[in-house]
Amino acid sequence: EFIDSYVFNQVEHIRFNSTVGKYVGYTEHGVYNAETWNKGSVLAQELGALERYCKPNAAILYSAVL
């Protein structure tokens, strides 16, 4: 599971969760940004990073932890 959180002043405003597959906002400003980012190229970039980096390296990193 890949999670990318955006926190300001110890308050989480927005989060990308690979299980959900989109950005989720937790504050008024975060909800606005999540709606905007889910419609634009930002979501495509995040999903691309998931496919390009996270999935191929997950098994390697998991075996290193064990």
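Residues numbered from 1 in each chain as written. Predicted model: local features only at pLDDT ≥ 70, side-chain atom pairs only at ≥ 80, totals over all residues. Heavy atoms only, no water.

As annotated in an unreviewed UniProt entry, the chain is MHC class II antigen beta from Salvelinus namaycush.

Caption draft 1: Quick peek at the packing of aromatic side chains. Per the counting criterion, the structure on display carries four aromatic pairs. Ring geometry for Tyr6 versus Trp37: centroids 5.4 Å apart, planes at 70°, classification edge-to-face. Placement of Tyr6 in strand 1 (residues 3-8) and of Trp37 in helix 1 (residues 28-39) is noted, with a sequence separation of 31 residues between them. Ring geometry for Tyr23 and Trp37: centres 5.1 Å apart, planes at 75°, overall edge-to-face. One end of the pair, Tyr23, is in strand 3 (residues 22-25); the other, Trp37, is in helix 1, with 14 residues separating them in the sequence. Three or more aromatic residues link up through ring pairs in this structure, and these residues are Phe2, Tyr6, Phe16, Tyr23 and Trp37. (Phe/Tyr/Trp six-rings, centres within 6.5 Å; stacked < 30°, edge-to-face > 60°. Helix = DSSP H or I, 4+ residues; strand = E, 2+ residues; numbered from the N terminus.)

Caption draft 2: Representation of the side chain of Glu46 within the structure. With respect to the helices and strands, Glu46 occurs in helix 2 (residues 41-65). Buried charge without a salt bridge: Glu46, with Arg52 as the nearest opposite-charge side chain at an N-O distance of 8.5 Å. Excluding anything up to four places from it in sequence, Glu46 contacts Phe2, Asp4, Tyr6, Phe16 and Tyr23. (Buried < 20%, exposed > 50% of the residue type's maximum accessible area, 1.4 Å probe, protein only. Lys, Arg positive; Asp, Glu negative; His and termini not counted. Salt bridge = Lys/Arg side-chain N within 4 Å of Asp/Glu carboxyl O. Contact = heavy atoms within 4.5 Å.)

Caption draft 3: Representation of helix 2. When the terminal C-alpha atoms of helix 2 are compared, their 33 Å separation across 25 residues agrees well with the 36 Å that a helix rising 1.5 Å per residue should span. Along helix 2, the helix axis deviates most sharply at Ala58, where the bend reaches about 50°. Listed as buried for helix 2 are Leu43, Glu46, Leu50 and Cys54. Buried residues along helix 2 sit against strand 1, strand 2 (11-17), strand 3 and helix 1. (Expected span 1.5 Å × (residues − 1). Bend = angle between axes of the 7 residues up to and from the residue.)

Caption draft 4: The environment of Pro56, seen in detail. Among the structural elements, Pro56 can be located in helix 2. Excluding anything up to four places from it in sequence, Pro56 contacts Leu50 and Glu51.

Caption draft 5: Inspection of the pattern of salt bridges at higher detail. This structure, assessed with the given rule, holds two salt bridges. Its salt-bridge partner being Glu12, residue Arg15 comes within 2.8 Å of it at the nearest N-O pair. One salt bridge connects Lys55 with Glu51, and the closest N-O pair in it is separated by 2.8 Å. In this pair, Lys55 and Glu51 both sit in helix 2, four residues apart, roughly one turn of the helix. Residue classification places Lys55 among the exposed positions, given a relative accessible area of 52%.

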